[in-house]
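Residues per chain are reported as follows:
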Amino acid sequence: MSARVVLVGLGGIGHPCALALAQCADISLVFLDDDRVERSNLHRLPAFAEQHIGRYKAEALCEVLAPSAKAGLSVATERLTPETAAAAIAGASVVVEGSDNFATKFLVADACALAAVPSVHGAAIAWTGTALSVRPKQSACYRCLFEDLPEGESLDCSSAGIFAPVTALVGALMAQATRDLLAHKPSLAGTITRFDARDGSFRRHVVRRRHDCALCGDMPSILSIDRARYLAPTCAMGASP
Amino acid sequence: MAISVRIPASLRTLTQGKEEVAAEGATVRAALDQLDKTHPGIKERLVDDKGVKRFMNIYLGDEDIRFLDALDTPLKDGDSLTIVPAIAGG
Ligand SMILES: [Zn+2]
């Protein structure tokens, strides 16, 4: 049976990650995104063109990749919510999270930890991109790194914009991290990789498990998915930096 | 102690676009206090009354200061602090 890989978010980082993973014959990919293609994101969605504007990203990507894909492809165009998260990731071997908002990032992190599903988290802003892979109970989790959603401000993401090639690079890092998790390699799980396009630097920080982590610590307080935990400002990405 | 601090993209509006700035202090706390004098407003983006903000990380070299002595972590000349905020976007 092929490994089931669920991609949550098919924007600038999920898209290139999907392009890479679609060439893997040993997996079946699920594209989960309720967003539609807009003209303003075409520059970081290289498989799309004019005719895809207005279409669901998940459906359009499946259609574009199907003729050459070696992986099995399927599509879900609903939004990941606290109510649907558990079912959406059920049976997954790895969940790849490349969403553009903190609420979804923490929701995926929590749902994966509770279901003991490995996950890969990517993000990009301005000239910087990060990738973190998580092996539940073995490596640090997303909440060991960032305890909770930012309150109030959204760290200038909407004004900072994004340098499109950084998103492609983060997508590549996430695809490789997914392969490593699937192969049970002594991977970079629990290590955050950061790329800065301004000086071309890669930096890695080992994230240690925190004993007081609310999700994976000794006395976890997050034992189920509670909607109230994911109410936070979303972060839309706009122009180039 | 003269140290350097790497500033993430989301905070560079407070450092006139600079990726790296100099600071002085015997501890991380002292260095952030001094940094806040040269770049007003930066400290409140990084710490609150409980310590390093929950969606921020400060690394001394490769180590999260939470696993050292947090804000009381001692610094020596030439040390490098890196600020890593949670980021969304893609
Ligand atoms: Zn944790």
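An account of the accompanying structure is given in this report. Only a predicted model underlies this, so the values are computations on that prediction, with no experimental measurement involved.

This part takes up the interface of chain A and chain B. Each side of the interface is counted separately: chain A has 43 residues, and chain B has 27 residues. For the pair chain A and chain B, the summed buried surface comes to about 3,000 Å²; carbon and sulfur atoms form 52% of the total. Here chain A is connected to chain B by 6 salt bridges. If you look at where chain A meets chain B, you find 7 residue pairs in polar contact (both at pLDDT 80 or more). Those elements that provide at least two residues to the side of chain A that touches chain B are helix H4 (102-115), strand E5 (119-125), strand E6 (128-134), helix H5 (142-145), strand E7 (191-196) and strand E8 (201-206) of chain A. When the residues that make up the side of chain A that touches chain B are grouped by side-chain class, the tally is 17 nonpolar, 9 polar and 17 charged.

Turning to the sheet that holds strand E1 (residues 2-6) of chain B, a few remarks are in order. One open sheet accounts for 5 strands, arranged E2-E1-E7-E5-E6 (chain B); its pairing is mixed. Either end of the sheet is taken by a strand with one partner, and the two such strands are strand E2 (20-24) and strand E6 (63-64) of chain B.

On to the sheet that holds E8 of chain A, then. All names here are of chain A. Strand order in the open sheet made by the 8 strands is E3-E2-E1-E4-E5-E6-E7-E8, with mixed pairing throughout. Sheet topology places strand E3 (72-76) and E8 at the edges, where each strand pairs with a single neighbour. Here the average twist between neighbouring strands, direction ignored, is 15°. Of the strand pairs in this sheet, strand E4 (residues 94-97) and E5 are connected by 3 bridges, and their pairing is parallel. Note on E5: the bridge partner recorded for glutamate 97 is histidine 121.

What follows covers the coordination of the zinc ion. Residues and elements named next belong to chain A. Those protein atoms acting as donors to the zinc ion are Cys141 (SG), Cys144 (SG), Cys213 (SG) and Cys216 (SG), and they sit at 2.2 to 2.3 Å. Considering all 4 donor atoms around the zinc ion, the spread of angles at the metal, 96 to 120°, places the coordination shape in the tetrahedral class. Counting gaps between the donor residues of the zinc ion yields the pattern C-x2-C-x68-C-x2-C. Placement of the pair is cysteine 141 in the loop between E6 and H5 and cysteine 213 in the segment after E8, with a sequence separation of 72 residues. Side by side, cysteine 141 and cysteine 213 carry an identical accessibility label, which is buried.

Reading the values: the criteria
Residues numbered from 1 in each chain as written. Chains lettered and ligands numbered in written order. Predicted model: local features only at pLDDT ≥ 70, side-chain atom pairs only at ≥ 80, totals over all residues. Heavy atoms only, no water. Contact = heavy atoms within 4.5 Å. Buried area = accessible area lost by both parts, 1.4 Å probe. Salt bridge = Lys/Arg side-chain N within 4 Å of Asp/Glu carboxyl O. Polar contact = N/O pair within 3.5 Å; in protein donor to acceptor, adjacent residues only side chain to side chain. Helix = DSSP H or I, 4+ residues; strand = E, 2+ residues; numbered from the N terminus. Nonpolar A, V, L, I, M, F, W, Y, C, P; charged D, E, K, R; others polar. Pairing = 2+ DSSP bridges. Axes fitted to C-alpha atoms, helices over the stretch in contact; angles between N-to-C directions. Donors = N, O, S within 2.8 Å, 3.2 Å for Na, K, Ca; no water. Tetrahedral: all angles 85-135°; square planar, octahedral: opposite > 155°, others 65-115°. Buried < 20%, exposed > 50% of the residue type's maximum accessible area, 1.4 Å probe, protein only.

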